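# Examination of the molecular architecture
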Amino acid sequence: MPALRHRSLAFLLTAIVLLTVRIPATAQLPGGPSEKPAVEPQATFGPFDEWVGSVAISPDGEYVVTGTYDEIQVSKLGSPKPIHVAKHKLGRVRSLAFSPDGRQLFAGGFRTIAVLKASSWEVEKELNGHRAYVTDLSISPDGKTLATSSEDSTLRLWNLSDGTSRVLFQEKEDPITGVEFSPDGSQLAVASGDDTRPTRPGHIRLLDALSGKVVHELTKHDRAATAVAFSPDGKLIASTGLDEKVNLHEVETGKLVRKYDGHSRPTNKVRFLPSGKHLVSASGGRAVGKNEIHLWEVSTGEAVNSFDSHKGPVFDVAVSRDGKLIASASRDGTAKVWEASALTGGTGGAETVVAGVGNLAALAKSLIGKSAGDNAEEPKPDDKNDTTAETADEPEGRTVRIGMIGLDTSHCLAFTKLLNDPKAAADIAGFRVVAVYPKGSPDIESSTSRVPKYTEEIKKLGVRIVDDLDELVGQVDAILLETNDGRPHLEQIIPALKAGLPVFVDKPIAGSLTDAVAMFELGRHFKTPLFCSSSLRFSEGPQALRAGSAGKILGCSTYSPCSLEKTHPDLFWYGIHGVEMLFTVMGTGCESVTRASSKDFELVTGTWDDGRIGTFRGIRSGSSGYGGTAFCEKGIVPVGKYDGYRPLVVEIVKFFRTREVPVTAEETLQIYAFMEAADESKRQGGAPVKLESVMENARVQAAEKVKEILARK
């Protein structure tokens, strides 16, 4: 029978080679369209010193503009060097758009839109109003109104005659990632989603451009949506997302027409060509390679062309007004320009793809393997194999691989320097940070400004940079959740908990007590341990007092810096250090809290169930340091000084080795309930607030969150 089966397949191979094969829109031959002869770009700009985050082509097709970090470069086709470089404090220039008449260029960056005069390419004014990065720009067909989307979750409309703006639409939590006016200017397509919360879907909405009312809620992307585009006739909306799809919807009905499934990495941008017959989409950003540009035939959904020319994720694509040019911008520090006819020519709307012999041989080979009952897959160059080569010299079974989420706090570099030190002492040896997902917080300036610098510094320590949480989780044995912003922690921890990886969560554990409760509930559900602590807990003084060095603790008063961050409850951001010291000495059992506040100080007084009193003083100005006084059975004793990060790293390593938490969920939740109750006391003018009251409210809300999370795919 096996011989007969092979003879049949040999006949099939011969027949396939002789025939033209029709390929459905969602089917992929081994190798896919990218195995066509390479299409060379007409022009390449760069490499620049920074990522190229955005690209635009002037309406007359004469200029190509690229946005990098604090720079906008203007180039002419055929000229290797830019004709002008406009420097402006924008951070990463995430979006570029020309006015319809070509007289102005708009550049979106951190909190700011710079308006450049095209006659001189100089910045003539700024538009300020967003609180985080501007992710996309679209100008109304009449040139009078600018629509901007932002990671601050708002969509703004700007009156370009006077520079005033108003919020037209606001998401509850997610960043708004893409916006485009319809060809008649009456509607706006909007994309949203949070790439730091991989289990949340991405939304695509159609809005009335005057009122902001939602006309259609379109089919969601499985993960964050990244961009939107209207067809030239205004009848279709295309969208991209981290789920690697390009979706196409009817504007009139909101119906999903089709999904283009050919990309193998997150899709970042999509544009229609002016004829409306084709659309171009760009991908990249998860793992290594597959930084593709695809050309699709709109009517059939078939891939007309696909190529992987950039060495990094493709962030943006632009199409010239006459449809002759397509430009791309990439993290590899280059921008490229392509002749559209070279990309769309040859297949021109045909409904069939003639498969080459090489592709068909691969197809037949795969069929033979399956038919012969051989279930073992051939080794293939997947993402993990591509990246683990960097650590191949590490002894098998010795090194515990640690993945890090976030790169916007000094803890990241400090922990990595300790763990990756080849001369590390025995108590932390054998543990190494090998990869990091370097996501910052778009609306916290200290976070946004740190990530680029810290990224370069941590790479020097031998740490790989990855672009996806699932990829990170798949390559490591334990997780350091270091994002300085506690708000995304709940979503960021889910992939690790599902994978059974122990997680240390740096302060603050979350952006709310509710999320903190939900995180521990999910840990119990997935039977995966996690713990959170300030480094102050493991300093010698608090640990000695907790162990009874001065006898029974009768009371304690601690102090620490207490700078505030408007996105978090007051004490969560920095007061947590002093509060953690207080609970390290006093232990659990706090029943109620009162709070007094002034311009420069916070005083929070807790009453424990055995009558003891503990206080925390938060200092918002000057250099206060960390410390306190413990009132003990054997006398009054200083709490002690701060001993740095190393004692905490030792405890983290023990936890990763044993999976036994050094700080219980009960104690951590009581610490955050103490701070939540302090906020409530402030709202009530300093009245006592019981910790159980805020805990009960948090448990109810957390139960709903956990239920919703577990119901997802």
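This text gives an overview of the structure that appears in the document. Everything quoted here is computed from the prediction, not taken from an experiment.

A count of helical and extended segments in the protein chain gives 14 helices and 40 strands. Residues counted as buried form 55% of the 713 residues belonging to the protein chain. When contacts within the protein chain are restricted to residue pairs at least 6 apart in sequence, those whose partners lie at least 24 apart make up 60%. Of the roughly 29800 Å² of accessible surface on the protein chain, a fraction of 51% belongs to carbon and sulfur atoms.

Let us look at the environment of Ser598. Within the secondary structure, Ser598 is located in the loop between strand 35 (590-597) and strand 36 (601-608). With 21 residues separating them in the primary sequence, Ser598 and Ile619 have C-alpha atoms 10.0 Å apart.

Right, let's get into the side chain of Ser281. Relative to the helices and strands, Ser281 is located in strand 22 (residues 278-283). Looking at Ser281, the relative accessible area reads 0%, which means it is buried. Within the structure, the side chain of Ser281 is placed 2.7 Å from the side chain of His263, a separation counted as a polar contact. At a separation of 2.8 Å, a polar atom in the side chain of Ser281 contacts the side chain of Trp296. Ignoring sequence-local partners within four residues, the contact set of Ser281 consists of Val246, His263, Lys269, Val270, Glu292, Ile293, His294 and Trp296.

On to the pairing of strand 6 (residues 95-98), then. Residues Ser95 and Ala97 line one face of strand 6 and the alternating positions Leu96 and Phe98 line the opposite face, and both faces are buried. Both strand 6 and strand 7 (residues 104-108) contribute to a ladder of 4 bridges, which runs antiparallel. Paired with Phe98 across the bridge in strand 7 is Leu105. Hairpin geometry of strand 6 and strand 7 is characterised by an intervening segment of 5 residues between the two adjacent antiparallel strands and by a positive phi of about 75° at Gly102.

Whether parallel or antiparallel, the strands of a sheet pair through hydrogen bonds between backbone atoms. Pairing is parallel in the open sheet, where 6 strands are placed in the order 30-29-28-31-32-33. Sheet topology places strand 30 (464-465) and strand 33 (530-532) at the edges, where each strand pairs with a single neighbour. Here strand 32 (residues 503-505) runs beside strand 33; their pairing, made up of 3 bridges, is parallel. When the sheet's bridge partners are listed, Phe504 is paired in strand 33 with Phe531. On top of the sheet, helix 5 (residues 410-419) reaches strand 28 (400-405), strand 29 (431-437), strand 31 (478-481) and strand 32; it is set at about 145° to strand 29, its chief contact.

In total, this model carries 15 aromatic pairs according to the counting rule given. The interplanar angle of 85° and the centroid separation of 5.7 Å between the aromatic rings of Phe415 and Tyr645 together place this pair among those described as edge-to-face. Note that Phe415 is positioned in helix 5 and Tyr645 in the loop between strand 39 (635-638) and helix 12 (646-658), a separation of 230 residues in sequence. Note on Phe415: relative accessible area 1%, which makes it buried. Taking relative accessible area as the criterion, Tyr645 reaches 22% and is therefore assigned partly exposed. An angle of 55° between the planes, with centres 5.0 Å apart, marks the rings of Phe504 and Phe531 as tilted. Of the two residues, Phe504 sits in strand 32 while Phe531 sits in strand 33, which places them 27 residues apart along the sequence.

Quick look at unusual backbone geometry now. The linkage connecting Gly46 with the following residue, Pro47, adopts the cis geometry, with an omega of 10°. Along the chain, Pro47 falls in the loop between strand 1 (43-45) and strand 2 (54-57). Positioned with a positive phi, Ser153 is a non-glycine residue whose angle comes to about 75°. Mapped onto the secondary structure, Ser153 falls in the loop between strand 10 (145-150) and strand 11 (154-159).

On to helix 6 (residues 445-459), then. Across its 15 residues, helix 6 extends 22 Å between first and last C-alpha, which sits within 8% of the 21 Å expected from 1.5 Å per residue. A maximum bend of about 35° is found in helix 6 at Val451, where proline Pro452 lies one to four positions downstream. Looking only at helix 6, the buried set comprises Ser447, Thr448, Val451, Tyr454, Thr455 and Ile458. Structurally, helix 6 contributes buried residues whose contacts are with strand 8 (110-117), strand 9 (122-139), strand 28, helix 5, strand 29 and strand 30.

The next point concerns the sheet that holds strand 40 (residues 689-690). Here we have 7 strands laid out as an open sheet, ordered 39-38-34-37-36-35-40, and mixed in their pairing. Single-partner strands in this sheet number two, and they are strand 39 and strand 40. Sitting on the sheet, helix 11 (residues 576-586) touches strand 34 (553-561), strand 35, strand 36, strand 37 (613-619) and strand 38 (627-632), and the angle it makes with strand 34 is about 165°.

Attention now goes to the packing of helix 13 (residues 665-683) against helix 14 (residues 691-710). Two elements in contact, helix 13 and helix 14, have axes whose closest approach is 9 Å; the angle formed by their N-to-C orientations is 105°. As summarised for this structure, helix 13 and helix 14 are arranged roughly perpendicular, according to the angle between their axes. Packed against helix 13, whose contacting residues are Leu669, Gln670, Ala673, Phe674, Glu676 and Ala677, the element helix 14 presents Leu691, Val694 and Met695 at the interface. Classifying every residue of the contact of helix 13 with helix 14 gives 7 nonpolar, 1 polar and 1 charged.

Right, let's talk about the pairing of strand 24 (residues 303-307) for a bit. The buried count for strand 24 comes to 5 of 5 residues, which makes it a mostly enclosed element. Examined bridge by bridge, strand 23 (residues 293-297) and strand 24 share 4 bridges and lie antiparallel to one another. Bridge assignment links His294 to a residue of strand 24, and that residue is Ser306. Count of turn residues in the strand 23/strand 24 antiparallel hairpin: 5 residues, of which Gly301 carries a positive phi of about 80°.

With that settled, the discussion passes to the environment of Arg487. Counting through the fold element by element, Arg487 comes out in the loop between strand 31 and helix 8 (489-499). For Arg487, a relative accessible area of 23% gives the class partly exposed. Counting along the chain gives 22 residues from Arg487 to Ile509, while the straight-line C-alpha distance between them is 8.7 Å. Setting aside anything within four residues of it in sequence, one finds Arg487 in contact with Arg197, Asp443, Ile444, Ala510, Gly511, Asp515, Thr567 and His568. Here the side chain of Arg487 touches Asp443 through a polar contact of 2.7 Å, side chain to side chain. A polar contact of 2.6 Å, which involves the side chain of Arg487, links it to the side chain of Asp485.

Further remarks concern helix 9 (residues 513-525). Side chains three or four residues apart in an α-helix point the same way, a direct result of the helix having 3.6 residues per turn. Along its 13 residues, helix 9 runs 19 Å from first to last C-alpha, staying within 8% of the 18 Å computed at 1.5 Å per residue. Counting buried residues in helix 9 gives 10 out of 13 residues, a clear majority hidden from the surface. Inspection of helix 9 places Leu513, Thr514, Asp515, Ala516, Val517, Ala518, Met519, Phe520, Leu522 and Gly523 among the buried residues, and these make up the whole buried set. Residues of helix 9 that are buried sit in contact with helix 8, strand 32, strand 33, helix 13 and helix 14.

At their nearest, the axes of helix 5 and helix 12 sit 10 Å apart, and the two run at 65° to each other. Considering the angle they form, helix 5 stands roughly perpendicular to helix 12. The chirality of how helix 5 crosses helix 12 is right-handed. Every residue of helix 12 that contacts helix 5 at Phe415, Leu418 and Leu419 is listed here: Arg646, Leu648, Val649, Ile652 and Val653.

Each value, and the rule that gives it
- Residues numbered from 1 in each chain as written.
- Predicted model: local features only at pLDDT ≥ 70, side-chain atom pairs only at ≥ 80, totals over all residues.
- Heavy atoms only, no water.
- Helix = DSSP H or I, 4+ residues; strand = E, 2+ residues; numbered from the N terminus.
- Buried < 20%, exposed > 50% of the residue type's maximum accessible area, 1.4 Å probe, protein only.
- Contact = heavy atoms within 4.5 Å.
- Areas by Shrake-Rupley, 256 points an atom, 1.4 Å probe, with all protein chains shown as cover.
- Polar contact = N/O pair within 3.5 Å; in protein donor to acceptor, adjacent residues only side chain to side chain.
- Pairing = 2+ DSSP bridges.
- Axes fitted to C-alpha atoms, helices over the stretch in contact; angles between N-to-C directions.
- Phe/Tyr/Trp six-rings, centres within 6.5 Å; stacked < 30°, edge-to-face > 60°.
- Expected span 1.5 Å × (residues − 1).
- Bend = angle between axes of the 7 residues up to and from the residue.
- Parallel < 35°, antiparallel > 145°, perpendicular 65-115°, else oblique.
- Nonpolar A, V, L, I, M, F, W, Y, C, P; charged D, E, K, R; others polar.
- Left-handed = near helix turned anticlockwise from the far one by under 90°.

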